Amino acid sequence: MLTQAPRGTKDVLPTESYRWQFLEKKMRGAAALAGYREVRTPVFEHTELFARGVGDTTDIVQKEMYTFQDKGNRSITLKPEGTAGAARCFLESNLYADALPCKMYYLSSPIFRYEAPQSGRLREHHQFGMECFGAQDATVDAELILLAFHLLDDLGVKNLSVNINSIGCPECRPKYHAALKDYLVPRLSGLCEDCRNRYERNPLRVLDCKKPNCQALVKDAPSMLDYLCEDCRAHFEQLQDCLQASGIPFRIDSRIVRGLDYYTKTVFELITSTKDGNLTVCGGGRYDHLVSQLGGPDLPAVGFGMGIERVLMLLDGEGIVIPRPDQYEVFVTYMGGCRMDAFRLVQSLRAQGFRADMDHCSRSLKAQFKYANKTGAPFSATIGEEEAQAGTVKIKNMATKAEKTVPQAEAAETLRAMMES
RNA sequence: GUGGGUAUAGCGUAGUUGGUUAACGCGUCAGAUUGUGGCUCUGAAGAUCGUGGGUUCGAGUCCCACUACUCACCCCA
């Protein structure tokens, strides 16, 4: 259907875009407080970037990417997540040569994944993300978690739980993998088919299976946390110390496994419980070797992504109302012969900073007022024959019906005065 | 990718065991005497009943396919 947006996409209508803008403003403010500056990277990248960065065994890369050949025969992919592009940009522009850490955020960046759309899941969605390159201390991990938490908390999101975990580093993770596999091997036949696949690709995922059978079988499986090397353990403890000191509620969930291969050490999720179940609004973690994997220096980094649509969904679900700005502050109405006077007044009001408009459909005065009322304009300014003759305009407070006739030259200051009273 | 539900004007719905011009509410537009809105009243516009095929004398109503929406699994924001 020509008049139908592609599956899994959603228009943001003029009547609702203020909600996005409201969020974006909050996000910008929160990021700025911690010294993060905006980065804008392309919507598409070379496919290779994601294959190498995100990991070519991940679901995202294997089956969810929008990939195509461009006319120069390059394999191009619409970005399926935000971090790889930011890392590429960081590297390409040699930002690591400046003072580190390098802090950046991206706003309402479109993210594309070929998935079956459902509640809170689209094929094109938008993320607010923050990345910090070049700092290894867990204070940054904590700073990002706190930032995300306070942002959502400030918006009024309730039932927010912060879950953290450490999935180790190339040093200790293989040992854990081995231990986990040893544990799973004798139980393989009892696991579901999905889990047997997971065992091959990413054994950590088996721990997260929701099937009762599998859960029972992995109940006593070894925990990554018991296998962390000294460095990772200390780092994880520092993170907990920071979070504790900040006083926000959090819990360790050793089953958190992220679906992107680049993560090391810290991984975290901000989850809210809604009436339809749990919803992850924000997910992130540390990726200490992504930059080197992409051919750069071995620099530590941390970041997260937050789903804009999901945040909006939560606000909706909790009945949190975002203030809707008036489309107009003043609507100019006029009698048939005075169209030019009205037009000039509108232009003059706009020049003086008022959101102003007039009828453009040759409507009757009555209909103009109806329309003005519908737009929610708090004031009208009317020019009829009498006013045109005298060079005046009749300004009316739509709510109180109070009217005041003043010279057209004084319209702006009269409006200001009436707005304040 | 697998399975369930849904598909009637812009939105929300009705449509009886298949039977002549598909109904209602909201919204939109226009009127209710000459320069004014939110209430009320009146009227108008607006639907090839998701698309395509089939059964039938006849289908919005039954059957099949496709598509979209929606929910669950998987995975994720």
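Structure first, text after, so check above.
About the criteria used
- Counting restarts for each chain, with residues numbered from 1 along the sequence as it is written.
- Throughout, the order in which chains and ligands are written sets their labels, letters from A for the former and numbers from 1 for the latter.
- Owing to the predicted nature of the model, reporting of local features is limited to residues with pLDDT of at least 70; listing and counting of side-chain atom pairs is limited to 80 or more, with chain, interface and lining totals taken over all residues.
- Excluding hydrogens and water, the side-chain figures rest on all heavy atoms present in the structure.
- Working definition: residue near molecule or strand if any one of its non-hydrogen atoms lies within 4 Å of it.
- N or O atoms closer than or at 3.5 Å make up a polar contact, with two conditions inside protein: a donor-capable atom paired with an acceptor-capable one, and, for residues adjacent in sequence, both atoms drawn from side chains.
- Put simply, DSSP H or I for four residues or longer makes a helix, DSSP E for two residues or longer makes a strand, and each gets a number counted from the N terminus.
- Per-residue accessibility, obtained with a 1.4 Å probe over protein chains only, is compared with the maximum for each type, and a residue is labelled buried under 20%, exposed over 50%, and partly exposed between these values.
- For two strands to pair, DSSP has to find at least two bridges joining them.
- The nonpolar core is taken to be a set of buried Ala, Val, Leu, Ile, Met, Phe, Trp, Tyr and Cys residues, with the residues joined through side-chain atoms within 4.5 Å.
- The criterion used for residue contact is that any of the two residues' heavy atoms lie within 4.5 Å.
- Fitting a line to C-alpha atoms yields each axis, with helices limited to the stretch in contact; the angle taken between N-to-C directions then spans 0 to 180 degrees.
- Working definition: roughly parallel below 35 degrees, roughly antiparallel above 145 degrees, roughly perpendicular at 65 to 115 degrees, and oblique for all remaining angles.
- Under the convention adopted here, Pro, Cys and the residues Ala, Val, Leu, Ile, Met, Phe, Trp and Tyr are nonpolar, Asp, Glu, Lys and Arg are charged, and Gly plus all remaining residues are polar.
- A pair of aromatic rings is counted whenever rings of Phe, Tyr or Trp (Trp by its six-membered ring) have centres within 6.5 Å, and the orientation is called stacked for planes under 30 degrees apart, edge-to-face for over 60 and tilted otherwise.
- In this scheme, the term charge over a ring applies when either NZ of a lysine or CZ of an arginine sits within 6 Å of the ring centre and within 35 degrees of the ring normal.
- Salt bridges are defined by distance alone: a side-chain nitrogen of Lys or Arg within 4 Å of a carboxyl oxygen of Asp or Glu.

To continue, consider the protein's contact with RNA strand B. Contacts to RNA strand B come from 46 residues, most closely from R7, R113, R121, G259 and K401. Considering RNA strand B, the proportion of its atoms within 4 Å of the protein that are sugar or phosphate atoms stands at 56%. One of the side-chain N or O atoms of E386 is found 2.9 Å from a base oxygen in RNA strand B. The side chain of E387 places a nitrogen or oxygen atom 2.9 Å from a base nitrogen of RNA strand B. Contributing elements (two or more residues each) for the surface near RNA strand B: β6 (124–133), α7 (193–201), β10 (277–286), α13 (365–375), α14 (385–390) and β15 (392–397). Among the elements that make up the surface near RNA strand B, the one with the highest residue count is α13 (seven residues).

Looking at where Q347 falls in the secondary structure, it is placed in helix α12 (residues 339–351). What makes Q347 partly exposed here is its relative accessible area of 36%. When the C-alpha positions of Q347 and D357 are compared, they lie 8.6 Å apart, and in sequence the two are 10 residues distant.

Before going further, it helps to examine the pairing of strand β16 (residues 403–407). As defined by bridge partners, β15 adjoins β16 across five bridges and the pair is classed as antiparallel. Its bridge partner being in β16, K394 is matched across the sheet by T405. In this antiparallel pair of consecutive strands, β15 and β16, the connection spans five residues, and K401 shows a positive phi of 70°.

Attention now goes to the nonpolar core. If you look at soluble globular proteins, the nonpolar side chains tend to sit buried side by side. Grouped together as the largest cluster of nonpolar side chains are 69 residues, with contacts concentrated most on Y36, F128, M130, L152, L270, F304 and M306. By residue number, the principal contributor to this core is helix α5 (residues 138–155), which donates 12 residues. Those residues in contact with L270 that lie beyond four places of it in its chain are A148, F149, L152, S161, V162, L279, T280, V281 and C282. With 29 residues, the next largest nonpolar core counts A84, Y106, I167 and Y287 among its residues.

Helix-helix packing is characterised by the crossing angle of the two axes and by the distance between the axes. Orientation of helix α1 (residues 17–33) relative to helix α11 (residues 308–317), taken along the N-to-C sense of each, is 110°, at an axis distance of 11 Å. Overall, the two elements α1 and α11 adopt an arrangement that is roughly perpendicular. Between α1 and α11, the contacting residues are R19, W20, L23 and M27 on the first element and I308, E309, V311, L312, L315 and D316 on the second. Of the residues belonging to the contact of α1 with α11, the class tally is seven nonpolar, no polar and three charged.

A few words now on the packing of aromatic side chains. Under the defined criterion, the tally for this structure stands at 13 aromatic pairs. When the ring of F128 is compared with that of F304, the centres are 6.0 Å apart and the planes differ by 70°; the resulting orientation is edge-to-face. One end of the pair, F128, is in strand β6; the other, F304, is in strand β11 (residues 301–307), and 176 residues separate them in sequence. Given a relative accessible area of 0%, F128 falls into the buried group. Here F304 falls in the buried class, since its relative accessible area comes to 2%. Ring-pair connections join several aromatic residues into one group, and the members of that group are F90, Y96, F133, Y262, Y263 and Y287. Directly above the aromatic system of Y114 lies the positively charged group of R123, at a separation of 3.9 Å from the ring centroid.

With that out of the way, let us pick up the environment of L207. Inspection of the secondary structure puts L207 in the loop between α7 and α8 (212–218). Setting aside residues up to four positions removed in sequence, L207 forms contacts with Y176, L180, V218, A221 and R255.

Here we take up the side chain of N163. By the element assignment, N163 lies in strand β7 (residues 160–166). Of note is the side chain of N163, whose polar atom sits 3.2 Å from the side chain of R251. For N163, the contacting residues outside a window of four places in its chain are R251, D253, I256, V267, F268, E269 and I271.

All told, the structure shown has 22 salt bridges when counted by the stated rule. Between R121 and E115 there is a salt bridge; the shortest N-O distance is 2.6 Å. Among the salt bridges present, the one from D341 reaches R344, with a minimum N-O distance of 3.6 Å. One end of the pair, D341, and the other, R344, are both in helix α12, three residues apart, so they sit about a helical turn from each other. Note on D341: relative accessible area 17%, which makes it buried. By sharing partners, the salt bridges in this structure join D141, D231, K265, R286 and D288 into a single network.

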